[in-house]
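# A structural walkthrough
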Protein chains: 2
Amino acid sequence: MKRKTVCTDPGWSRRADCVHCAIRSCVLFADLPPDDLDNVLSVIEDQTYPPNSVIYREGEKGHALFTIRHGMVKLVRDLSDGKQRIVRLLKLADVAGLEVVIGSNYKHTAIAVDEVEICRIPLPVIERLVPKHPELSRELMARWQRNVDDADRALVDFSTGTAEERVARLLLYLSTADNICICSSLGRQDMGAVLGISTETASRVMAEFKRRGAVREVASERCCHFNLELLGRIANPD
Amino acid sequence: MKRKTVCTDPGWSRRADCVHCAIRSCVLFADLPPDDLDNVLSVIEDQTYPPNSVIYREGEKGHALFTIRHGMVKLVRDLSDGKQRIVRLLKLADVAGLEVVIGSNYKHTAIAVDEVEICRIPLPVIERLVPKHPELSRELMARWQRNVDDADRALVDFSTGTAEERVARLLLYLSTADNICICSSLGRQDMGAVLGISTETASRVMAEFKRRGAVREVASERCCHFNLELLGRIANPD
DNA sequence: CGTAAATTTGAATGGATTCAAACGTGGTGG
DNA sequence: CCACCACGTTTGAATCCATTCAAATTTACG
């Protein structure tokens, strides 16, 4: 029997409840025995960030890493010409700030795209647990590999091919985050910054997709429905 | 007192000698006590690959990871349209195939760019050592982070901006690998595949760089000298 | 309801791709 | 040893795609 998330339950809000948390099974401490888990619960903070708020900043000395429980986070790097490039988009159960575990400063600026709920895990927690629990090390490595995979995707899927292909691939990626219906939290500017294209081009492509029926806007909810097959064909022409 | 590398010494060739190896200090087993190190030396194989040979292939079940001791390796991913994109360039002391440590198949195809010497580290070695040596876990995590950093560089430096900017940044990156004089092992086609531009554009930009004196070819050796300041200015216009 | 911000659309420009051909170079076999 | 072929590089010209700048329109929000 699966437990529903109770983390958003009023009684538990603003407190980490990793035992009952819905994403526990795909989260860092998944394999820890419950009693060890209890010892660290008190210092794991459940935080909420409003849209566009900064979670941490590139170059800062990091004292914590973060697990995303709801919403989307963008990892941004500033370019020499003043613009900025979105290096990665993090969604449910992704980890931000892993680099602090090896003593590095934050490598990006992390910004909430929409309203974001995250678990803030202080670095000392990790440092205390790692020596005792090899399975936590494994779990950390798996997260690192996921970071690499996501970075590779940013290059191969989001930064290769025509603007249309890139946008289609991004939409498909987002559609797996939420379901078919994505509350288009990403503005055109952010889409451009992810895909390495201009804001105007992103807008034009989206308009064209609506015309072709690849994307359908629903006026009531701020939602878009995706035509997955059509998008798939656009994403990988052959 | 620093030891010179004796790994290329005839007496040691074709055998791993991680105790005396020149890159030992920046290599996976740097922090292991020498006696533990001895136990695994026999199974770490010192290999040489000719240019353009495949070290491993995307999707294969991996039984080993690799440390690069000489030369350059490209990690390639095939695209839907038959072309291929170079995701990363690995050089001295970089690690390829880390993903096998968490039980994953190889995520890219690894191909030797020039003549490459690598240490082949069988997976069981890692699996045996990790539980006993937490410092090895730390070392592995540091490698993973390096992979992430390199992947981010591929995106931000090599896949952003005009063709000229990208080529300049690639040359600067290569110049840190060898010294100022890079034996231009990368063909124009590979340059294009790294930078996400066409072979012809890569060629045109290089020709233009020679005209402007940013790159000077030395006929005798197959070497190019770089004008680092000029390249730096081209790489980051502002 | 009015202002600021984001999106959309247009027209001109520019940069990169594509297709094609010429050039150089290294290797192989006659 | 030279001729010849294969392959990578270079260069040209036409085309196409995306950017840029500008203006119009919509949306968000106090």
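Below is a short write-up of the structure. Because the structure is predicted, anything quoted here is derived from the model rather than measured.

Thresholds applied
- Residues numbered from 1 in each chain as written.
- Chains lettered and ligands numbered in written order.
- Predicted model: local features only at pLDDT ≥ 70, side-chain atom pairs only at ≥ 80, totals over all residues.
- Heavy atoms only, no water.
- Helix = DSSP H or I, 4+ residues; strand = E, 2+ residues; numbered from the N terminus.
- Expected span 1.5 Å × (residues − 1).
- Buried < 20%, exposed > 50% of the residue type's maximum accessible area, 1.4 Å probe, protein only.
- Arc of directions from axis to C-beta.
- Contact = heavy atoms within 4.5 Å.
- Buried area = accessible area lost by both parts, 1.4 Å probe.
- Salt bridge = Lys/Arg side-chain N within 4 Å of Asp/Glu carboxyl O.
- Polar contact = N/O pair within 3.5 Å; in protein donor to acceptor, adjacent residues only side chain to side chain.
- Pairing = 2+ DSSP bridges.
- Axes fitted to C-alpha atoms, helices over the stretch in contact; angles between N-to-C directions.
- Near = heavy atom within 4 Å.
- Nonpolar A, V, L, I, M, F, W, Y, C, P; charged D, E, K, R; others polar.
- Core = buried A, V, L, I, M, F, W, Y, C linked by side-chain atoms within 4.5 Å.
- Least-squares fit on C-alpha atoms with pLDDT ≥ 70 in both.
- Phe/Tyr/Trp six-rings, centres within 6.5 Å; stacked < 30°, edge-to-face > 60°.

### Side note on helix 6 (residues 199–212) of chain B
All names here are of chain B. The first and last C-alpha atoms of helix 6 sit 20 Å apart over 14 residues, in line with the 20 Å expected at 1.5 Å per residue. Among all positions of helix 6, only Ala202, Val205, Met206 and Phe209 are buried. Considered in projection along helix 6, the buried side chains sweep an arc of 100° and stay on one side of the axis. Opposite the buried face of helix 6, by more than 90 degrees, sit the exposed residues Arg204 and Arg211. Where helix 6 ends, the next residue or the one after it, Gly213, has phi of about 85°, a positive value.

### Brief notes about the interface of chain A and chain B
Taken together, the contact pairs 33 residues of chain A with 33 residues of chain B. Around 3,000 Å² of area is buried between chain A and chain B when both sides are counted, 62% of it from carbon and sulfur atoms. Taken together, the connections running from chain A to chain B amount to 4 salt bridges. With a shortest N-O distance of 2.8 Å, Asp152 of chain B and Arg88 of chain A are connected by a salt bridge. Here chain A is connected to chain B by 14 residue pairs in polar contact (both at pLDDT 80 or more). For the side of chain A that touches chain B, the secondary-structure elements that each account for two or more residues are strand 5 (84–90) and helix 3 (134–156) of chain A.

### Let's talk about the pattern of salt bridges
Taken as a whole, this structure holds 24 salt bridges over all chains when the rule is applied. With a closest N to O distance of 3.0 Å, Arg169 of chain A and Glu165 of chain A form a salt bridge. Of this pair, Arg169 of chain A and Glu165 of chain A both sit in helix 4 (residues 163–177), 4 residues apart, which is roughly one turn of that helix. In terms of burial, Arg169 of chain A and Glu165 of chain A fall into one category: buried. A salt bridge links Glu164 of chain B to Arg212 of chain B, with the nearest nitrogen and oxygen atoms 2.6 Å apart.

### Observations regarding the sheet that holds strand 1 (residues 45–49) of chain B
Residues and elements named next belong to chain B. On the basis of which strands lie adjacent, the open sheet formed by 4 strands has the order 1-8-3-6 and antiparallel pairing. Each of the sheet's edge strands pairs with one partner strand only, and the pair in question is strand 1 and strand 6 (95–96). Pairing of strand 3 (residues 64–70) with strand 8 (residues 116–122) involves 6 bridges; the strand directions are antiparallel. For Ala64, the partnering residue across the bridge sits in strand 8 and is Pro122. Across the sheet, helix 2 (residues 123–132) is in contact with strand 3 and strand 8; its angle to strand 8 comes to roughly 55°.

### Describing the pairing of strand 3 of chain B
All names here are of chain B. The buried fraction of strand 3 amounts to 6 of the 7 residues, a majority that puts the element mostly inside the structure. As paired strands, strand 3 and strand 6 are joined by 2 bridges and run antiparallel to one another. Within the sheet, the bridge partner assigned to Thr67 lies in strand 6 and is Val95.

### Quick look at the protein's contact with DNA strand D
Not every one of the 18 residues close to DNA strand D is listed here, only the nearest: Ala163, Thr201 and Arg204 of chain A together with Arg188 and Ser203 of chain B. Arg188 of chain B places a side-chain nitrogen or oxygen 2.7 Å from a phosphate oxygen of DNA strand D. Contacts to DNA strand D include Ser203 of chain B, whose side-chain N or O atom sits 2.8 Å from a phosphate oxygen. At the level of elements, helix 6 (199–212) of chain A together with helix 5 (188–195) and helix 6 of chain B are the ones that each hand at least two residues to the surface near DNA strand D. Per element, the largest residue contribution to the surface near DNA strand D is 6 residues, and it comes from helix 6 of chain B. Each residue belonging to the surface near DNA strand D can be placed in one class, and the counts come to 3 nonpolar, 7 polar and 8 charged.

### Section: the nonpolar core
Counting 74 residues, the largest nonpolar core has Phe29 and Val101 of chain A together with Phe29 and Val101 of chain B as the members making the most contacts within it. Membership of the second largest hydrophobic core comes to 32 residues, among which are Met72, Val113, Ala193 and Phe226 of chain B.

### Some points on the relation of the copies chain A and chain B
Expressed as a screw operation, the relation of chain A to chain B combines 0.0 Å of axial shift with a rotation of 180°, fitting to an RMSD of 0.0 Å. On the angle and the small slide along the axis, the relation comes out as a two-fold axis. The fraction of interface residues of chain A whose copies in chain B are also interface residues reaches 100%, indicating that both copies meet through the same surface.

### Some details on the protein's contact with DNA strand C
Lining the immediate surroundings of DNA strand C are 17 residues, of which Arg188 and Ser203 of chain A together with Ala163, Thr201 and Arg204 of chain B lie closest. For DNA strand C, the backbone makes up 55% of the atoms found within 4 Å of the protein, where backbone means sugar plus phosphate. With respect to DNA strand C, the side chain of Lys210 of chain A contributes an N or O atom lying 3.4 Å from a phosphate oxygen. Between a phosphate oxygen of DNA strand C and a side-chain N or O atom of Ser198 of chain B, the distance comes to 3.0 Å. If you list the elements that add at least two residues to the surface near DNA strand C, you get helix 5 (188–195) and helix 6 of chain A together with helix 6 of chain B. When the residues that make up the surface near DNA strand C are grouped by side-chain class, the tally is 3 nonpolar, 7 polar and 7 charged.

### Remarks on the side chain of Ser53 of chain A
Residues and elements named next belong to chain A. Along the chain, Ser53 turns up in the loop between strand 1 (45–49) and strand 2 (54–56). For Ser53, a relative accessible area of 15% gives the class buried. Once residues within four sequence positions are removed from consideration, Ser53 is found in contact with Ala110, Ile111 and Ala112.

### Notes on the packing of aromatic side chains
For any two aromatic rings, the description comes down to two numbers: the centre-to-centre distance and the angle of the planes. This model, assessed by the stated rule, comprises 6 aromatic pairs over all chains. Measuring from centroid to centroid gives 3.7 Å for Tyr56 of chain A and Tyr106 of chain A, while their planes differ by 15°, and the two rings are stacked. With a gap of 50 residues between them, Tyr56 of chain A in strand 2 and Tyr106 of chain A in the loop between strand 6 (95–96) and strand 7 (109–112) connect regions that are remote in the sequence. This pair shows no difference in class: Tyr56 of chain A is buried, exactly as Tyr106 of chain A is. Consider the rings of Tyr56 of chain B and Phe66 of chain B, whose centres lie 5.7 Å apart with planes at 25°: the pair is stacked. Here Phe66 of chain B lies in strand 3 and Tyr56 of chain B lies in strand 2 (residues 54–56), a separation of 10 residues in the sequence. Exposure remark for Tyr56 of chain B: the relative accessible area of 2% places this residue in the buried category. We classify Phe66 of chain B as buried; its relative accessible area is 5%. Following the ring pairs from residue to residue traces out a cluster consisting of Tyr56, Phe66 and Tyr106 of chain A.

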